[in-house]
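Fold and contact review
In case you want the letters, here they are:
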Amino acid sequence: MNVLKFYIHEEEHAVKASDVSPHTTLNNYLRKKANLTGTKNMCFEGGCGACIVAAAIKDPTTGREEILAVNSCLVPLYMCSGWRIFTAESIGTSRTGYHPVQKALVQFNGTQCGFCSSGMVMNMYALYESGDFTMRDVENSFGGNICRCTGYRPIMSAFKSLASDASKEHLGTFSDIEDIPVCKKSKEKCEITCASPCANSKRSLCFDFGESKWYKVFSINEVLDILENYSDATYMLVGGNTATGVHRRTQEPDIYIALNNIETLLNYRMNDRNLILGANMTLTNAMKLFYKLSKSHQNFSYLSKLAQHIDLIANVPVRNIGTLAGNLFLKHEHHEFASDIYLIFESVGATLTLVGTDREETSTTLEDYLSLDMRGKIIKNIVLPALDRTYKYQSYKITPRAQNAHALVNAAFLLKLDASDKVESARIVYGAINPSFTHAKKSEGCLIGKNLFDNRTLQTLFQTLDEELVPNHVLPDPSPEFRKKLAIALCYKFILSIAPDDKVSPRNRSGGKIYVRPVSRGTQDYETNESLYPLTQPIPKIEALAQCTGKAQYIMDMPDQPGQLYAAFVLAKAPANSTITSINPNKALKMKGVKAFYAKDDIPGDNDFTPTEAFLEFSRAEEMFCSGVVKYYFQPIGVIVADSQELAEKAADMVQVNYVEAKEKPLLTIRDLIAAKSNKISQEGKRDATKKGNDIKNVIKGRFDISWQYHYAMETQCCFVVPSEDGLDMYPSTQSLGAAQIAAAKVLKIPTNEINVSVRRIGGAYGAKISRNGLVSNAAALAAYKLQKPVKLSMPLITNMNAIGKRNPFTMDYEVGVNDKGVIQYLNASLYTDTGSEGGNENPAAAILNTFGNMYNREPWDVTVYSARSDTPTATWCRAPSNTEAIAAMESIMEHIAIELNLDPIQVRLENLSQATPDVEKYIRDMMEWAEVDKRKKEIEEFNKANRWIKKGISVVPMLYPIPYFGYWHVLVSVYQLDGTVSVAHGGIEMGQGINTKVAQVCAYALGIPLEMVKIKPSNSLTSPNAVTTESSFTSEAVCLATLHACGILKERMKPVKEKMPNASWKELVRQCYLEYVDLCATSLFQPKLPDLNGLSGYMIYGMACAEVETDILTGVSHITRVDILEDTGNSMSPEIDIGQVEGAFVMGMGYWTSEQIIFNEKGELLTNRTWNYKPPGVKDIPIDFRVKFPKKNPFPLGILKSKATAEPPLCMSCSVAFAIRQAVGAARSEANANDDKWYPIDGPSTVENSFLNSLHDYKQYTL
Ligand SMILES: Cc1cc2nc3c(=O)[nH]c(=O)nc-3n(C[C@H](O)[C@H](O)[C@H](O)COP(=O)(O)OP(=O)(O)OC[C@H]3O[C@@H](n4cnc5c(N)ncnc54)[C@H](O)[C@@H]3O)c2cc1C
Ligand code: FES
Ligand code: FES
């Protein structure tokens, strides 16, 4: 029997077909068989980067081995034959020394929750080991790695410090962490002679799995022989197997034939007329080749543009193994797919060579290829023509974010012009218009013989395009109006780009430019107090090394136990208010390996995951499994338990559920509920004006609507439950030990002390794992309890997005009367917050009323707040809930006043400030000076005057953020007599915010010992009973205070001994205390009535952000060119941790305001539930110049250790980005139509589509 051989670092692995299945992925093997859980996973579609590993792979065409980053979730194990695989565990350890990449990420504080870190490390490792690279290369290589915590800046600083062009300033402010040894081997870059010996073998192999076969072959003939022999079988020609990341394979084929060893499919040839590419050349190799040939062959110089376009496809790891033919085949199978490879090749007139089982070679155009029957045929070559200088070429791809995003519209133009600029031939190709549309043939025709640089030609062309382009409308794709107008604008952009300077008006010229993003940079300005070190010391997270070496264990990394089972939710696939008439799990239960199905009637206790007994957390019960009437599309109905995760998910789909749909359509938005006069809207609070003005010169009315945000924790909701002799050991990814324990006890109807909850860390949360984790941990607990077997439940991304609530949407209608200076005389505002179907538990209404406008003079304001229960998943806290919407809504009114009255928005804010908050004014003035706002505004005005199609905007947003004192968290400090080392356990949850690091710093400071002597242990319900949620940014401070108290207790107990031996070292002192029976274990509880809190109920945090953007009006794409943030942290306990929080929160907010869009269909079915269509910011979306400053000499005298919180507030200032975009778009808008409203309302995120449409495009204005 054939055995698959490959190496994982030094170790050879030989795998028999009987041990795995043909669709076992490398990720699965690494985590499950090799127990290398440092490699994570999340999306299983190449979109998040959590699973990236490096592989030394021999290129069959050159014989050279290259180290490539690959997505282990996409790589079939059987493709790894002959590979050597590197993981975060293998490239550096405490024993062998750490790799420079790991060390850099640690030093620059590039980890928070750490769930993305091993993917980051391995992506960088591949780049590092592959030769010289620049900072630009680094920044360009991380499009496929999502980090929700850090905002990327520290990760990029870390990796750019390793680049060949990094100067001293890029090397960072950290001195070397002395005790981090560097791996000797990697000081010199790896000599890659290390792929396994079997890489040299040219022996064809067949791995027989019984139901299917996997072939490794070396020639096209072998492929055709197999296809001939198995003419009835279903088959797949495996290029890189990445297409399944775009369209999930639902059925596995009978036969897999790997093409990645067939030289003729990977090579290229060329002559004067053609470049002939092997069709399975990888996208990375095609890019490299295109850049090379474009320099050496004039008639192929256009290839550099193709390479630039390919750079926008997917991301580096996908491009490293994904192939040209695989992409073209995807287009063949799914005509609606806006294939970029198809677009660029079709636009230059490429042809394909196909070969079938009859061995006949045929040539076809790409357009014709789309309608051919491809069964039994291989794409052998792609033939590209030589194009001389008379051809003008450019392609475009407009995406919702900078990288790793499919096209909203893509376009490519090839024109042949004669000496007098007359068009001889034209190819105009578009993607994402409709499935059958490729060429704008009429438009191409209308150009022939015309002088291109003549406004009449242009108008004829645009008019023809307008008639010819008929976009379809399939949600969640953007609107047909946008796609059509954008397609025309791109054509105009192309013509501007090739028009001679003297033919184009200077104001229009910049419209032809493609933005080249500079390498980003950041500055972090804070002060520390060395006399307090390690308190206030800028240190990386104490877990950073474990995170960068794959040692840090997350819940799903915990080893399987004997009899391990897995669970998956069965979701309602019916609109809200449908009634379930029957549930039949029989089909699922008949599947081999499926153990059980549980629904509401199987719950021994309450069908509830938000028990009100967790009184600081919940105010009403929410059902765990649907009790009959569906609350929202995709509500959990039950849970399937099976031998493996894959099987559980498959079986969950087999459960048959019948429904009777309600007559009424679901009401999905606040506006829907208002329009329907729904009784699901209730008034929650009201604040009446106390003193109105009568100098009313202007009355302004407006609206403001923002919607959901998915938290996008890289670790989805999960829980592991193990039955034990005294009940259940639960490991939930929860933010609340107490709530998880109570919820499970009530569901199972067992005593609380039979449930032992423990959490080491969670992989990001941002509010999602407060109440919503109860749903998941209860379901896992139910299954484990019923079956008395260990059960893991880890939600796949799609289920997580479908079933779990998101940030509360918010709507406001307002009317404001102002005087000539913009001072508000009266304001009538109705604010609505959408709590989703159940509402109640996380209802931000009261907090919104409190925060709305709290820095401004609120005397003339009448404000009413309502909650609305739309038929969507119950919304849940999401980083800075209520403050995000309240602050943005208020600031939007300020912007509206300024725009309508043509006043400076900052001045309007100053005019309306409350006398009670003078610090805000100080912050505004500091920001104006520090960020040179006035000077930049003038420059922007000049720029906007000089440019019609590129506009800039700048916005300054102040913030006043209330932090409430609340909580109930224990801290336990234990000191060990042998060496004086200290362990701390606390009731907070480490989820990336650095609570453990701060606690360790405070503990070391309080006891006067080195930081290294303190270790933080997992949080658990034994040492921290009844702990409430880690939330509201405040838990770190609270737990630090309890730590201080616990240390104080210990010091007090040790005092008599110390007095007897004043010169003793800490270790000697501890030992003596032990001998004298001093209790070396102390606990302390944080609760809000502690005297240290001076009777206050909380405090305020000040902040200020200034965002500047540049918007390409012809595409709608904005670039955030600079952001300055002033954030009040008091005396930061740990400045690097706090900088990380500020940057991370701001970038998460930027996503909310720009690219993250949740779209439901009319039934309430979520359509944006994948990395493919939900887009948080990536590395190249962050501010190009990102400056963060903590004001100096700014202690908070009443605060815990004089500090303030950081984790959430900065997010509230990210609306400055949306306002800056509106300024830029507004500048274009008033030029497009002076009569139209200068103002346009915020309506969800300022997406590319939103900006484009609000720029009021009319192609009649597209002139030279
Ligand atoms: C996260 C992500 C983002 C992406 N973004 C984009 C994007 O923005 N724009 C874009 O255009 N694409 C995008 N893609 C698609 C990507 O380019 C394709 O997945 C890739 O090129 C497919 O190549 P492959 O070798 O992996 O194909 P495979 O998955 O191996 O195969 C796909 C199909 O092609 C067939 N096939 C392979 N080779 C041949 C051949 N020689 N002859 C006949 N049939 C063959 C196979 O039988 C199979 O059915 C993205 C993909 C991912 C995962
Ligand atoms: S799990 Fe592989 S890219 Fe997301
Ligand atoms: S540290 Fe990157 S996702 Fe948390």
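Residues numbered from 1 in each chain as written. Chains lettered and ligands numbered in written order. Predicted model: local features only at pLDDT ≥ 70, side-chain atom pairs only at ≥ 80, totals over all residues. Heavy atoms only, no water.

We now examine empty space enclosed by the protein. For the structure shown, the criterion picks out nine cavities of 30 Å³ or more. Volume-wise, the largest cavity comes out at about 100 Å³. Lining the largest cavity we find 16 residues, and of these Phe609, Glu622, Tyr632, Arg772 and Thr874 sit closest to its centre. Of the residues that constitute the lining of the largest cavity, the class distribution is eight nonpolar, three polar and five charged. (1 Å grid on protein atoms, 1.4 Å probe; cavity = no way out; pocket = protein on both sides within 12 Å on 5 of 7 lines; lining within 4 Å. Points joined across faces, edges and corners; volume = space filled by probe spheres on them. Nonpolar A, V, L, I, M, F, W, Y, C, P; charged D, E, K, R; others polar.)

Around ligand 1 there are 33 residues in total, and Gly240, Thr242, Thr323, Asp340 and Lys397 lie nearest to it. Taking Leu237, its main chain carries an N or O atom lying 2.9 Å from an oxygen atom of ligand 1. Between ligand 1 and Lys397, the relevant distance is 2.6 Å, taken from an oxygen atom to a side-chain nitrogen or oxygen of the residue. Summarising the interface, the protein chains cover 96% of the accessible area of ligand 1, which totals 980 Å² for the free molecule. Listing elements by their share of the shell around ligand 1, those giving two or more residues are strand 8 (235-238), helix 13 (324-333) and strand 14 (377-385). Residues belonging to the shell around ligand 1 are distributed by class as follows: 17 nonpolar, 13 polar and three charged. (Near = heavy atom within 4 Å. Polar contact = N/O pair within 3.5 Å; in protein donor to acceptor, adjacent residues only side chain to side chain. Areas by Shrake-Rupley, 256 points an atom, 1.4 Å probe, with all protein chains shown as cover. Helix = DSSP H or I, 4+ residues; strand = E, 2+ residues; numbered from the N terminus.)

Per the UniProt record, the feature "active site" (unreviewed entry) sits at Glu1208. For Glu1208, the position within the fold is in the loop between strand 41 (1185-1189) and helix 36 (1215-1232). Separated by 2.9 Å, the side chains of Glu1208 and Ser1033 make a polar contact. (UniProt positions renumbered as here; feature names shortened; annotations may be inferred.)

Bringing the environment of Lys103 into the picture now. Turning to its location among the elements, Lys103 is positioned in helix 3 (residues 100-107). Taking the C-alpha atoms as reference, Lys103 lies 9.7 Å from Val121; in sequence the two are 18 residues apart.

So, about the side chain of Thr25. As for its position among the elements, Thr25 is in the loop between strand 2 (11-16) and helix 1 (26-33). A polar atom in the side chain of Thr25 sits 3.1 Å from the backbone nitrogen of Asn28. With sequence-adjacent residues up to four places away left out, Thr25 is seen in contact with Ser72, Cys73, Val75, Pro76 and Leu77. (Contact = heavy atoms within 4.5 Å.)

Our focus in this paragraph is unusual backbone geometry. Following Leu475, the chain continues to Pro476 via a peptide bond in cis, the omega torsion being 10 degrees. Structurally, Pro476 is set in the loop between helix 17 (455-468) and helix 18 (480-498). The omega angle of the peptide bond from Tyr533 to Pro534 is 10 degrees, so this bond is cis rather than trans. Position of Pro534 among the secondary structure elements: in the loop between strand 18 (521-525) and helix 20 (544-548). The phi torsion at Ser1033 lies on the positive side, around 65 degrees, for a residue other than glycine. Under the relative-accessibility criterion, Ser1033 is labelled buried at 11%. (Buried < 20%, exposed > 50% of the residue type's maximum accessible area, 1.4 Å probe, protein only.)

Overall, the coordinates contain 69 salt bridges when judged by the stated rule. A salt bridge links Asp695 to Lys697, with the nearest nitrogen and oxygen atoms 3.0 Å apart. Since its relative accessible area comes to 30%, Asp695 is described here as partly exposed. When its relative accessible area of 47% is taken as the criterion, Lys697 is described as partly exposed. A salt bridge links Asp1128 to Lys1204; the shortest N-O distance between them is 2.7 Å. With a gap of 76 residues between them, Asp1128 in the loop between strand 40 (1117-1127) and helix 35 (1135-1154) and Lys1204 in the loop between strand 41 and helix 36 connect regions that are remote in the sequence. A network of salt bridges, in which partner residues are shared, links Arg671, Arg703, Asp705, Asp813 and Asp1243. (Salt bridge = Lys/Arg side-chain N within 4 Å of Asp/Glu carboxyl O.)

In this section: the packing of aromatic side chains. Following the criterion strictly, the structure yields 45 aromatic pairs and no others. A ring pair is formed by Tyr526 and Phe1190, whose centres lie 6.4 Å apart and whose planes are at 35 degrees; its orientation type is tilted. One end of the pair, Tyr526, is in the loop between strand 18 and helix 20; the other, Phe1190, is in the loop between strand 41 and helix 36, with 664 residues separating them in the sequence. Centroid distance Phe569 to Phe625: 6.5 Å. Interplanar angle 70 degrees. Geometry classified as edge-to-face. With Phe569 in strand 19 (residues 565-571) and Phe625 in the loop between strand 21 (594-599) and strand 22 (636-642), this residue pair connects regions lying 56 residues apart in the sequence. Three or more aromatic residues joined by ring pairs form one cluster here, namely Tyr965, Phe966, Trp969, Phe1034, Phe1086, Tyr1099 and Phe1196. Sitting over the ring of Tyr7, Arg84 keeps its end group 4.3 Å from the ring centre. In this arrangement the basic side chain of Lys1260 is found over the ring face of Tyr1259, its NZ or CZ atom lying 5.4 Å from the centre. (Phe/Tyr/Trp six-rings, centres within 6.5 Å; stacked < 30°, edge-to-face > 60°. Lys NZ or Arg CZ within 6 Å of the ring centre and 35° of its normal.)

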